[in-house]
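# Structural features, examined
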Amino acid sequence: MSLIKRLGCSRVCVVAALPHEFRSADCYTGIGKLNAAINLSGYIKTHRPSLVINVGSCGSRNNELKNKVVRVSQFVEWDKELIKGFEAPMVLEENNTLNLPYQKVVCGTGDRFFNEDVYYHEFFLQDRRSADIDCDIFDMHIFDMEAYALAKTCQVNDIQFLSLKYVSDSGCIDQWEESLPKIHLIFEEVLINILESV
């Protein structure tokens, strides 16, 4: 049974990419932006929640964030091509009224697992920075594969959205796998505290 049903919060949806990361979600999207948008859209059409809470893991090159739960305040598509004369990726702002104690971060979402090789080839060998975008790629604190699409889906449907991420790794798949057993327990405690006050 989902955590939401156990607590009786019928207008809230907890969404995660995979059961590996949180076993008590209401909606699992699968990996990647397209899967995230399609599957959350389907859930919204059927259940029409007033608040969507996204939980999951992420990577970061900032060692000070490792093993912490952070709150995403801005969402950017880091892998969207920046071509002169075309619209630059839009920075989405978080949309909710919750007062929470977690550090606010900028999340870059892309359809590739973000690691050191991707960072070097995409951002140092090619100048991906653009004066047309409000958020510089080098200022992104964390990286994931779904959050931007989830935020955009909620924006289009006029639904409040909160994204909480556990920084599990620095772009290393082994670190991510090692973190999986504790991510569910961490988010269950975090969500119980939040949902009891909603």
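Residues numbered from 1 in each chain as written. Predicted model: local features only at pLDDT ≥ 70, side-chain atom pairs only at ≥ 80, totals over all residues. Heavy atoms only, no water.

To continue, consider the side chain of Ser-73. Secondary-structure assignment places Ser-73 in strand E4 (residues 69–77). The class of Ser-73 is buried, set by a relative accessible area of 16%. Discounting chain neighbours no more than four positions away, the residues touching Ser-73 are Leu-92, Glu-93, Glu-94, Lys-104 and Val-105. (Helix = DSSP H or I, 4+ residues; strand = E, 2+ residues; numbered from the N terminus. Buried < 20%, exposed > 50% of the residue type's maximum accessible area, 1.4 Å probe, protein only. Contact = heavy atoms within 4.5 Å.)

Here we come to the packing of helix H2 (residues 33–47) against helix H4 (residues 147–156). Two elements in contact, H2 and H4, have axes whose closest approach is 8 Å; the angle formed by their N-to-C orientations is 35°. Like other packed secondary-structure pairs, H2 and H4 cross with a definite hand, here right-handed. Of H4, the residues touching H2 (which contributes Lys-33, Ala-36, Ala-37, Leu-40, Ser-41 and Ile-44) are Ala-149, Leu-150, Thr-153 and Cys-154. (Axes fitted to C-alpha atoms, helices over the stretch in contact; angles between N-to-C directions. Left-handed = near helix turned anticlockwise from the far one by under 90°.)

So, on to the pattern of salt bridges. Inspection of every chain in the model, using the stated rule, returns 4 salt bridges. We note a salt bridge from Glu-77 to Lys-33, for which the minimum N-O separation is 3.0 Å. Taken as a pair, Glu-77 in strand E4 and Lys-33 in helix H2 lie far apart in primary sequence, 44 residues in all. For the residue pair Glu-77 and Lys-33, the accessibility class agrees, reading buried in each case. For Lys-165, the salt bridge identified is with Asp-144, shortest N-O distance 3.1 Å. Of the two residues, Lys-165 sits in strand E8 (residues 160–169) while Asp-144 sits in strand E7 (residues 142–144), which places them 21 residues apart along the sequence. Asp-144 carries the same exposure label as Lys-165, and that label is buried. Among the charged side chains, a salt-bridge network with shared partners connects Arg-71, Glu-94 and Lys-104. (Salt bridge = Lys/Arg side-chain N within 4 Å of Asp/Glu carboxyl O.)

For the rest of this paragraph, the subject is H4. Note: α-helices contain 3.6 residues per turn, so residues at a spacing of three or four share the same orientation. Most of H4 is tucked away, with 7 of its 10 residues classed as buried. Of all the positions in H4, only Ala-147, Tyr-148, Ala-149, Leu-150, Ala-151, Thr-153 and Cys-154 are classed as buried. Where H4 terminates, the next one or two residues include Asp-158, which has phi positive at roughly 55°.

Within this model, the largest pocket holds a volume of roughly 310 Å³. Lining the largest pocket are 22 residues, and of these Glu-21, Ser-57, Phe-113, Met-145 and Trp-176 sit closest to its centre. Those elements giving two or more residues to the lining of the largest pocket turn out to be strand E3 (51–59), E7, E8 and helix H5 (173–195). Take the lining of the largest pocket: its biggest share by element is 6 residues, from E3. Partitioned by chemical class, the residues of the lining of the largest pocket number 11 nonpolar, 5 polar and 6 charged. (1 Å grid on protein atoms, 1.4 Å probe; cavity = no way out; pocket = protein on both sides within 12 Å on 5 of 7 lines; lining within 4 Å. Points joined across faces, edges and corners; volume = space filled by probe spheres on them. Nonpolar A, V, L, I, M, F, W, Y, C, P; charged D, E, K, R; others polar.)

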